[in-house]
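So you can see what is in the structure, the chains are spelled out below.
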Amino acid sequence: MKTCPNCASATFDDMELCYDCMSAFEPPSSAAQNNLEQAVARLQVALAGYFSYEMLLHKLEGCSLSVGSAAENAIVIPQEQVSARQLQVFYAHGHVWAESVDAASSATIDEIPLCGTVCIKSGTQIMVGDAHITVLEA
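Residues numbered from 1 in each chain as written. Predicted model: local features only at pLDDT ≥ 70, side-chain atom pairs only at ≥ 80, totals over all residues. Heavy atoms only, no water.

Asks: How should I be thinking about the pattern of salt bridges in this particular structure?
Replies: Two side chains bearing opposite charge may form a pair once their charged atoms approach each other closely. Counted according to the given criterion, the structure contains two salt bridges. Note that Arg42 and Glu54 form a salt bridge whose closest N and O atoms lie 2.7 Å from each other. With Arg42 in strand 3 (residues 40–47) and Glu54 in strand 4 (residues 51–58), this pair connects stretches of sequence that are 12 residues apart. Within this structure, Arg42, Glu54 and Glu137 form a network of salt bridges that share partners. (Salt bridge = Lys/Arg side-chain N within 4 Å of Asp/Glu carboxyl O. Helix = DSSP H or I, 4+ residues; strand = E, 2+ residues; numbered from the N terminus.)

Have a look at this one:
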């Protein structure tokens, strides 16, 4: 038997994590952490005075994040000038892309109006309403 360093509960020696506090007995290796970092694109979403957080987009073909004012979006921008579904950020063909879903509403990529689908790289700034979405790692 071994004891969890976080909650001091006892568990079997072959267990990889404590089922009382759900913490791992072994910290993730730097190689596993590096693989995780390469498997996701990181986006920072900020709306001054409201929120700032980071979103992860899995680098799996077809994975996407929807952006708009409707509650069912992955990234919700609570502003009237933002349409219910404004754009999609997705991974395809080895790259991260942004696609305008509502042509009536405007989003910008590095201050250029978004029309259609655009490949985005690290450092790209996406503006939706007053919200800034910065691609930290693509």
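On we go from here.
Asks: Before we go on, may I ask you to explain the sheet that holds strand 8 (residues 95–100) in this structure?
Replies: The strands that make up a sheet are held in pairs by hydrogen bonds between backbone atoms, and each pair lies either parallel or antiparallel. Spatially, the five strands line up as an open sheet ordered 6-5-7-8-11, and their pairing is mixed. Here the strands that pair on one side only, and so sit at the sheet edges, are strand 6 (75–76) and strand 11 (117–120). Where strand 8 lies against strand 11, four bridges are found, and the strand directions are antiparallel. The partner of Val96 across the bridge, within strand 11, is Ile120. (Pairing = 2+ DSSP bridges.)

Asks: Which parts of the structure should I look at to understand the sheet that holds strand 3?
Replies: Pairing in this open sheet of six strands is antiparallel, and the strands run 4-3-13-12-9-10 from one edge to the other. At either end of the open sheet lies a strand with only one pairing partner, and these are strand 4 and strand 10 (112–113).

Asks: Help me out: how do you make sense of the pairing of strand 4 in this one?
Replies: Remember that side chains alternate between the two faces of the sheet whenever the strand is regular. Relative to strand 4, strand 3 runs antiparallel, the two being bridged by eight bridges. Each bridged residue has a counterpart across the sheet, and for Ala41 the counterpart in strand 4 is Leu57. Once strand 3 ends, the chain turns through three residues before running back antiparallel as strand 4, passing Gly49 with a positive phi of about 80°.

Asks: What's the story with the pairing of strand 5 (residues 64–68) in this structure? I'm lost.
Replies: Burial analysis of strand 5 places four of its five residues in the buried class, which makes it a mostly covered element. One ladder, built from four bridges, connects strand 5 with strand 7 (residues 87–92); its direction is antiparallel. Bridging across to strand 7, Leu65 finds its partner in Val89. Across two bridges, strand 5 lies against strand 6 in parallel orientation. Across the sheet, the residue bridging to Val67 is Ile75, located in strand 6. (Buried < 20%, exposed > 50% of the residue type's maximum accessible area, 1.4 Å probe, protein only.)

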